[in-house]
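The chain contents come next:
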Amino acid sequence: MKKIILVTGGTGYIGSHTVVELQTAGYEVVIIDNLSNSNREVIDGIERISGIRPVFYEMDCNDKPGLQKVLMENKGIKGIIHFAASKAVGESVHKPLAYYRNNLVTLLNLLDLMPEYAVEGIVFSSSCTVYGQPDVLPVTEDAPIKPALSPYGNTKQINEEIIRDAIHAGLPFKSIILRYFNPIGAHPSAEIGELPNGVPQNLVPFVTQTAIGIRKELSVFGDDYDTPDGSCIRDYINVVDLAKAHVIAMNRMLENKSKNNLEIFNLGTGRGISVLELINTFEKSTGVKVLYKIVERREGDIEKVWANPEHANKVLGWAAKETLEDTLITAWNWQKKLKNRSFIR
Ligand code: UD1
């Protein structure tokens, strides 16, 4: 019998790619999503790729009785991957309470219910934002956690602490915390991808929307940083590579491969790329020009951060494989597909 995995936020960007990889690996998937930053058609995209339609509940993870019903109706859920969260850094500064409620209560609800339904483990979506501006690059998992610069960043830190304390207290489940660097790109089939609500805040969707003519011009936030070309440096990781790491993490927990009930991994490529380099690589690999201008720095931006992914490489046997060029082509193919389907919201 197939093992069942509950994926919260499973119609979202990273969630949907992970659902496909879980299905491909032989898991049965149940999705919970409130569709606050995604849409129902993502389920069709998932089905077109894997040939399997996941069970879907339109529900908010703040709804504890609702979660309980899902766990009751789908007996034997072995693991949870918890993506559902609000993730816009700027918005979180203006709506802190909504961010704390959304990003903290949802995790508490899940952890509360796991023992009752014998759910063995939870993979948690964290972020390199917990490191702030690291003192040493590339950043390893034992780098100090810096004070958060936004309520969003703070929710990730608090979530990690909640999990750590719960495991420390001996609650009967395991957890793997995955700290993502900057996920980009789309599934190579272009059936699923990133679908930001309104004006994109993240770089790559803004680049592809500018390239296709939805946006007039990309603003590059600052060219006076202490980096070789003056623009910020990030570690951009292919979303399918990232999704695959979740399957490995889930296997690891369910097969009891680790002695530790809590593990933390950086998921990045290990390569720092500047904003200007990314634009340049996009233009070269797609042959499409991106109009851009340099503007003021964006408040709260970190100058440079990239991962030391050796821990994940060694322990999980996972490494990012796709090149930046190929990944940007997948993002572009997805953008073109969206245009044809007039799928923009
Ligand atoms: C941020 C968060 C990260 C979070 C992610 C989710 C921090 C430090 N990082 O990533 O934790 O998971 O958002 O949304 O809080 N840029 C431009 N022009 C644009 C957009 C972006 O120049 O129009 C630049 C930014 O200044 C940055 C880089 O592109 O240097 C990447 O930005 P973005 O895609 O927004 O990701 P982060 O800010 O790194």
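**Topic: the site of the ligand**
Logical step 1: Near the ligand you find 20 residues, and of these Ser127, Tyr152, Ser219, Arg234 and Asp301 are the closest.
Logical step 2: Between Thr129 and the ligand, the recorded distance is 3.4 Å, taken from a side-chain N or O atom to an oxygen atom.
Logical step 3: The contact in question runs from an oxygen atom of the ligand to an N or O atom on the side chain of Tyr152, over 2.8 Å.
Logical step 4: The protein chains hide 90% of the 740 Å² of surface that the ligand would expose on its own.
Logical step 5: Broken down by element, the shell around the ligand gets its largest block of residues, four residues, from strand β8 (residues 218-221).
Logical step 6: In terms of residue class, the shell around the ligand is made up of 10 nonpolar, six polar and four charged.
Logical step 7: Lining the shell around the ligand are residues from two domains, each supplying at least three of them: domain 1 (4-184 + 236-267) and domain 2 (203-234 + 270-338).

**Quick look at the sheet that holds strand β11 (residues 262-267)**
Logical step 1: In space, the seven strands of this open sheet follow the order β3-β2-β1-β4-β5-β6-β11, with parallel pairing throughout. Every interior strand has two partners, whereas the edge strands, β3 (55-58) and β11, have only one. Strand-to-strand twist across the sheet, computed as the mean angle between neighbouring axes with direction ignored, equals 15°.
Logical step 2: The pairing of strand β2 (residues 28-33) with β3 spans four bridges and is classified as parallel.

**Some details on the pairing of β11**
Logical step 1: For β11, the tally of buried residues reaches six of six residues, placing the bulk of the element in the interior.
Logical step 2: Both faces of β11 are covered, namely the face carrying Leu262, Ile264 and Asn266 and the face carrying Glu263, Phe265 and Leu267.

**Structural notes on the environment of Lys156**
Logical step 1: As for its placement among the helices and strands, Lys156 is situated in helix α6 (residues 151-168).
Logical step 2: Lys156 has contacts with Ala85, Phe124, Ser125, Ser126, Ser127, Thr129 and Val130, leaving out every residue within four places of it along the chain.

**Some remarks on the domain arrangement of the chain**
Logical step 1: When cut into domains, the chain gives domain 1 (4-184 + 236-267) and domain 2 (203-234 + 270-338).
Logical step 2: Together, the buried faces of domain 1 and domain 2 total about 2400 Å²; carbon and sulfur atoms form 71% of this surface.
Logical step 3: Of all residues in domain 1, Ile184, Tyr236 and Asp241 bury the most surface against domain 2, accounting for 28% of the area lost on that side.
Logical step 4: The tally of links between domain 1 and domain 2 comes to zero salt bridges.
Logical step 5: Our enumeration of links across domain 1 and domain 2 arrives at eight residue pairs in polar contact (both at pLDDT 80 or more).

**Side note on the environment of Lys87**
Logical step 1: Looking at the element boundaries, Lys87 is found in the loop between β4 (77-82) and α4 (89-94).
Logical step 2: Separated by 32 residues in sequence, Lys87 and Val119 place their C-alpha atoms 26 Å apart.
Logical step 3: Reaching out from Lys87, the side chain makes a polar contact with the side chain of Asn202 at a distance of 3.4 Å.

**Some details on the packing of helix α9 (residues 275-286) against helix α11 (residues 324-340)**
Logical step 1: Interaxial distance between α9 and α11 falls to 9 Å at its minimum, and their mutual angle equals 75°. The orientation of α9 relative to α11 falls into the category roughly perpendicular. Residue-level inspection shows Leu278, Thr281, Phe282, Ser285 and Thr286 of α9 in contact with α11, the latter providing Leu324, Glu325, Leu328, Ile329 and Trp332.
Logical step 2: Residue composition of the contact of α9 with α11, grouped by class: six nonpolar, three polar and one charged.

**Observations concerning the side chain of His187**
Logical step 1: Among the secondary structure elements, His187 is positioned in the loop between β7 (182-184) and α7 (203-212).
Logical step 2: The class of His187 is buried, set by a relative accessible area of 11%.

**Considering the nonpolar core**
Logical step 1: Counting 35 residues, the largest nonpolar core has Ile5, Leu22, Met250 and Leu267 as its most contacted members.
Logical step 2: Of all the elements in the fold, those that place two or more residues in this core are β1 (4-8), α1 (13-24), β2, α2 (41-50), β6 (174-180), α8 (239-254), β11 and α10 (310-316).
Logical step 3: Considering each element in turn, this core owes the most residues, nine residues, to α8.
Logical step 4: Taken domain by domain, the makeup of this core includes at least three residues from each of domain 1 (4-184 + 236-267) and domain 2 (203-234 + 270-338).
Logical step 5: Residues in contact with Leu22, not counting those within four places in the same chain, are Ile5, Val7, Tyr27, Val29, Ile81 and Val247.
Logical step 6: Core analysis: the next-biggest nonpolar cluster, separate from the first, contains 31 residues, Val30, Met59, Met114 and Ile163 among them.

**Re unusual backbone geometry**
Logical step 1: Of note, the bond from Leu137 into Pro138 is cis; its omega dihedral lies within 30 degrees of zero at -5°.
Logical step 2: Among the secondary structure elements, Pro138 is positioned in the loop between β5 (121-127) and α6.
Logical step 3: Of note, Ala190 is a non-glycine position whose phi angle comes to about 60°, a positive value.
Logical step 4: When you line up the elements, Ala190 lands in the loop between β7 and α7.
Logical step 5: Its relative accessible area of 7% is what places Ala190 among the buried residues.
Logical step 6: Notably, Asn256 is not glycine yet its phi reads approximately 50°, a positive angle.
Logical step 7: As for its position among the elements, Asn256 is in the loop between α8 and β11.
Logical step 8: Look at Asn256 and you get exposed, because its relative accessible area is 53%.

Cut-offs applied
- Residues numbered from 1 in each chain as written.
- Predicted model: local features only at pLDDT ≥ 70, side-chain atom pairs only at ≥ 80, totals over all residues.
- Heavy atoms only, no water.
- Near = heavy atom within 4 Å.
- Polar contact = N/O pair within 3.5 Å; in protein donor to acceptor, adjacent residues only side chain to side chain.
- Areas by Shrake-Rupley, 256 points an atom, 1.4 Å probe, with all protein chains shown as cover.
- Helix = DSSP H or I, 4+ residues; strand = E, 2+ residues; numbered from the N terminus.
- Nonpolar A, V, L, I, M, F, W, Y, C, P; charged D, E, K, R; others polar.
- Domains from an automatic or database assignment.
- Pairing = 2+ DSSP bridges.
- Axes fitted to C-alpha atoms, helices over the stretch in contact; angles between N-to-C directions.
- Buried < 20%, exposed > 50% of the residue type's maximum accessible area, 1.4 Å probe, protein only.
- Contact = heavy atoms within 4.5 Å.
- Buried area = accessible area lost by both parts, 1.4 Å probe.
- Salt bridge = Lys/Arg side-chain N within 4 Å of Asp/Glu carboxyl O.
- Parallel < 35°, antiparallel > 145°, perpendicular 65-115°, else oblique.
- Core = buried A, V, L, I, M, F, W, Y, C linked by side-chain atoms within 4.5 Å.

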